[in-house]
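Working through the structure, step by step
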Amino acid sequence: LGSVVAYFTSAKFLLYLGHALSTWGDRMWHFAVSVFLVELYGNSLLLTAVYGLVVAGSVLLLGALIGDWVDKNSRLKVAQTSLIVQNSSVILCGVILMIIFLFKTQLLTLYHGWLLTLCYILVITIANIANLASTATAITIQRDWIVVVAGEDRSKLADMNATIRRIDQLTNILAPMAVGQIMTFGSPMIGCGFISGWNLMSMCVEYLLLWKVYQKTPTLARKAAKVEASELKQLNAKKESDVKPAEGVQLIIEKDVSGFEPQQEKEVGCAARIAEPFITFRDGWVAYYNQPVFLAGMGLAFLYMTVLGFDCITTGYAYTQGLSGSVLSLLMGASAVTGIMGTVAFTWLRRKCGLIRTGLISGVAQFACLILCAISVFMPGSPMDLTVSPFADISARLFENEPLPTIASPASEMIFATGMPNLSNGSIAPADSDPEMSPEPVPLISVSLLFAGVIAARVGLWSFDLTVTQLLQENVIESERGIINGVQNSMNYLLDLLHFIMVILAPNPEAFGLLVLISVSFVAMGHIMYFRFAQKSLGKQLFVCHTPDPKEVPDSSPPGNTSTV
């Protein structure tokens with residue numbers, strides 16, 4: 001009984017509890033805000049698309065600056081500030097949305113509707129601030145606090161990372177279901193009120209939990225404000241023959257040292273303040289490039305350039321192939337189960353083969369499963385037809401003056417549910433088909449293979465994600481954890497944006513097979529980058545599987561040597 005009480009009062013459990021509350025509120029808000037924006041703007045996806053673009057662009061541009069702010073301030077201040085800003089922004093957004101829902105008719109008549117437009121801009125801006133604060137929270141808790149709480153025990157760090165991912169998997173499924181039920185049986189306004197109330201309560205509890213974790217882990221109070229001499233010596237131990245030290249580290253040191261020269265800062269004045277964000281942005285990307293785990297991080301980012309996931313694009317394609325919403329919900333549940341299996345596989349493989357080899361095995365497993373997706377493109381039932389122009393549907397609507405569907409029309413229910421237009425209602429039928437004849441059912445072999453590959457690949461995907469996460473935690477020095485992980489987030493968002501652009505350029509189901517093949521190619525490139533990293537790190541020991549020493553540091557060259565990769 002004493003050990004049970006000790007566990008439930010430990011810093012580790014309190015960190016899990018705080019993360020669960022934070023993630024639950026985060027997932028509810030991300031799901032609901034898109035629905036609210038669609039509901040507000042006449043059942044159009046315009047506001048949702050603008051919101052998604054603003055969020056992705058902001059993290060892409062500001063990721064390094066957010067990480068730099070995390071590095072420069074004390075851990076407790078960063079965690080508490082980002083927590084308060086995030087939850088306060090969501091609460092404020094919820095209140096504004098409730099006002100819009102209540103007084104939308106009156107707002108439309110004021111100033112020719114400009115006041116309502118201003119409210120839309122305000123909602124998107126504040127929601128974006130909430131997302132940036134959420135990014136800061138994720139960096140400081142999942143990339144820094146968790147490392148300090150685990151201490152020198154890398155097995156404990158691996159277990160904590162895996163538990164955090166399991167919490168993410170469960171909340172990804174359960175939180176949208178919960179808020180969706182409230183909005184379905186209540187109303188969007190009730191949903192806004194519930195989310196605002198939840199975030200208010202959650203903010204108070206999370207604040208208390210953070211304080212408790214901080215008290216129980218005294219090492220959290222000690223944080224490197226700059227690169228220490230001992231760290232420099234370790235980083236550059238093998239670089240004495242090089243022309244110059246690692247540029248990224250050198251730039252950061254100069255920036256830290258300049259903080260101790262107030263007189264020089266006064267002389268530079270306003271110009272320096274204007275230039276500082278741009279310098280930080282540059283320094284962050286240079287430091288990221290000079291990291292020993294640069295290729296591993298790039299490999300993870302390349303996995304975001306894919307349509308082989310349970311996002312609106314793949315589910316929309318599934319609808320065009322005849323899968324029902326209930327079947328898709330079961331498939332999403334199965335993907336969550338395989339994702340959790342991936343976190344279990346990660347901890348087991350790491351103990352047996354070591355961290356770097358775990359990434360290799362996970363990558364091979366993921367790619368092997370995705371081969372099924374590539375095969376599905378050529379199986380019966382696949383609509384792939386490269387002779388059909390990907391812009392055929394768009395050009396028909398533009399040049400033949402056909403109206404774009406709205407959510408209110410039956411043809412556009414697909415857009416609301418999946419984010420893709422329903423192209424299976426005759427627009428993709430052969431030109432010589434008889435309209436009086438009932439269409440033959442689409443063979444399910446192709447789509448079955450596609451989703452079998454996607455679901456099975458989640459085991460390798462999440463194990464690989466955890467591997468790269470821990471490599472970043474273990475190999476990035478404390479004074480750079482924030483800025484390096486901020487740039488990593490930016491890279492992830494960049495490749496994610498590219499995959500949406502890819503879909504915009506080829507939106508028809510006939511072109512989806514091509515998108516699948518491109519996605520598999522990018523996953524392969526990502527794992528090739530990781531293989532190159534593993535080869536440089538382990539050399540001839542790459543394929544020698546053994547039980548690693550708990551204190552074993554993955555053999556990595558100094559940051560400056562990564563420029564030769």
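Residues numbered from 1 in each chain as written. Predicted model: local features only at pLDDT ≥ 70, side-chain atom pairs only at ≥ 80, totals over all residues. Heavy atoms only, no water.

Here's the deal with the overall build of the protein chain
Within the protein chain, the regular secondary structure consists of 20 helices and zero strands. The burial tally for the protein chain puts 49% of its 565 residues in the buried class. Here the contacts in the protein chain between residues at least 6 apart in sequence split such that 84% fall between residues at least 24 apart. Only carbon and sulfur atoms are counted for the fraction: they give 68% of the accessible area of the protein chain, which is about 26,700 Å². (Helix = DSSP H or I, 4+ residues; strand = E, 2+ residues; numbered from the N terminus. Buried < 20%, exposed > 50% of the residue type's maximum accessible area, 1.4 Å probe, protein only. Contact = heavy atoms within 4.5 Å. Areas by Shrake-Rupley, 256 points an atom, 1.4 Å probe, with all protein chains shown as cover.)

A short note on the nonpolar core
Residues Val307, Leu308, Phe451, Val516 and Tyr530 are the most contacted members of the largest nonpolar core, which totals 67 residues. At 13 residues, the largest contribution of residues to this core is made by helix H18 (residues 445-475). Counting contributing residues, this core receives three or more from each of domain 1 (1-222) and domain 2 (274-390 + 443-542). The contacts of Val516, once residues within four sequence positions are left out, are Val307, Leu308, Cys373, Ala374, Val377 and Leu450. Listed in part, the 30 residues of the second largest apolar core include Val90, Leu116, Tyr120 and Ile126. (Core = buried A, V, L, I, M, F, W, Y, C linked by side-chain atoms within 4.5 Å. Domains from an automatic or database assignment.)

Some words on the packing of aromatic side chains
Two aromatic rings are characterised by how far apart their centres lie and by the angle between their planes. Considering all chains together, one arrives at 17 aromatic pairs under this definition. Taken together, a centroid distance of 5.1 Å and an interplanar angle of 75 degrees make the contact between Phe464 and Tyr530 edge-to-face. Of this pair, Phe464 sits in helix H18 while Tyr530 sits in helix H20 (residues 512-538), and the two are 66 residues apart along the sequence. As far as burial versus exposure is concerned, Phe464 and Tyr530 are alike and both buried. An aromatic cluster is present here, built from Phe281, Trp285, Tyr288, Tyr289 and Phe294 joined pairwise through their rings. (Phe/Tyr/Trp six-rings, centres within 6.5 Å; stacked < 30°, edge-to-face > 60°.)

Description of the confidence of the model for the protein chain
Summary statistics for the protein chain give a mean pLDDT of 80 and a share of 78% for residues scoring 70 or more. Mean pLDDT across the elements of the protein chain ranges from a minimum in helix H9 (residues 247-258), with 37, to a maximum in helix H12 (residues 294-302), with 97. With pLDDT under 50 throughout, residues 401-438 is counted as low confidence; its partners more than four residues away or in other chains account for 53 contacts. Overall, residues 549-565 carries pLDDT values under 50, and its contacts beyond four positions in sequence, including any with other chains, amount to 36 contacts. (pLDDT = per-residue confidence, 0-100.)

Some thoughts on the packing of helix H11 (residues 270-289) against helix H19 (residues 481-505)
One can describe the packing of H11 onto H19 by two numbers: an axis separation of 9 Å at closest approach and a directional angle of 90 degrees. Relative to H19, the element H11 lies roughly perpendicular. Taken together, the residues of H19 that come into contact with H11 (itself represented by Thr280, Gly284, Trp285, Ala287 and Tyr288) are Ile483, Ile484, Val487, Gln488, Ser490 and Met491. Per-class residue counts for the contact of H11 with H19 are seven nonpolar, four polar and no charged. (Axes fitted to C-alpha atoms, helices over the stretch in contact; angles between N-to-C directions. Parallel < 35°, antiparallel > 145°, perpendicular 65-115°, else oblique. Nonpolar A, V, L, I, M, F, W, Y, C, P; charged D, E, K, R; others polar.)

A short note on the pattern of salt bridges
Pairing is possible between side chains of opposite charge, provided their charged atoms come close. In the structure shown here, the tally under the stated rule is ten salt bridges. In this structure, the salt-bridge partner of Arg282 is Asp283, at a minimum N-O distance of 3.1 Å. Salt bridges here are not isolated pairs; linked through shared partners, they connect Arg75, Asp144, Glu478 and Arg481. (Salt bridge = Lys/Arg side-chain N within 4 Å of Asp/Glu carboxyl O.)

Structural notes on the side chain of His527
Along the chain, His527 turns up in helix H20. Take His527: its relative accessible area is 11%, and that puts it in the buried class. Leave out the neighbours within four places in its chain, and His527 touches Leu303, Gly363, Gln366 and Phe464.

A short note on helix H5 (residues 114-150)
Given a rise of 1.5 Å per residue, 37 residues ought to cover 54 Å, and the 52 Å separating the end C-alpha atoms of H5 matches this to within 8%. The largest bend along H5 measures about 30 degrees and falls at Ile141. Taking burial as the measure, the 37 residues of H5 include 28 buried ones, the bulk of the element. Looking one or two residues past H5, Gly151 carries a phi angle of roughly 70 degrees, positive in sign. (Expected span 1.5 Å × (residues − 1). Bend = angle between axes of the 7 residues up to and from the residue.)

Re the packing of H18 against H20
Where H18 contacts H20, the two axes come as close as 13 Å, and the packing angle between them is 30 degrees. As the angle between them shows, H18 and H20 are arranged roughly parallel. Note on packing geometry: the crossing formed by H18 with H20 is left-handed. Of the residues in H20, those touching H18 at Leu450, Phe464, Thr467, Val468 and Leu471 are Phe512, Val516, His527, Tyr530 and Phe533. Here the residues of the contact of H18 with H20 sort into eight nonpolar, two polar and no charged. (Left-handed = near helix turned anticlockwise from the far one by under 90°.)

Details of the environment of Cys93
Here Cys93 is to be found in helix H4 (residues 75-109). For the pair formed by Cys93 and Ile124, sequence separation is 31 residues and the distance between their alpha carbons is 8.5 Å. The contacts of Cys93, once residues within four sequence positions are left out, are Trp29, Val123, Ile126 and Ala127.

Section: the environment of Met28
Looking at where Met28 falls in the secondary structure, it is placed in helix H2 (residues 11-40). When the C-alpha positions of Met28 and Ala178 are compared, they lie 8.0 Å apart, and in sequence the two are 150 residues distant. When near neighbours in sequence (up to four residues on either side) are disregarded, Met28 contacts Ala175, Val179, Phe194, Ile195 and Trp198.

Focus on a nonpolar patch on the surface
A contiguous nonpolar patch, built from Tyr41, Leu46, Val50 and Val54 and spanning about 290 Å² of accessible area, is present on the exposed surface. The topology assignment puts Tyr41 in the loop between H2 and helix H3 (46-72). (Patch = residues over 30% accessible without salt bridge, like charges linked within 9 Å, V, L, I, M, F, W, Y side chains within 5 Å.)

As for the side chain of Gln80
Along the chain, the position of Gln80 falls in helix H4. With residues near it in sequence (within four places) discarded, Gln80 still touches Tyr207, Leu210 and Trp211.

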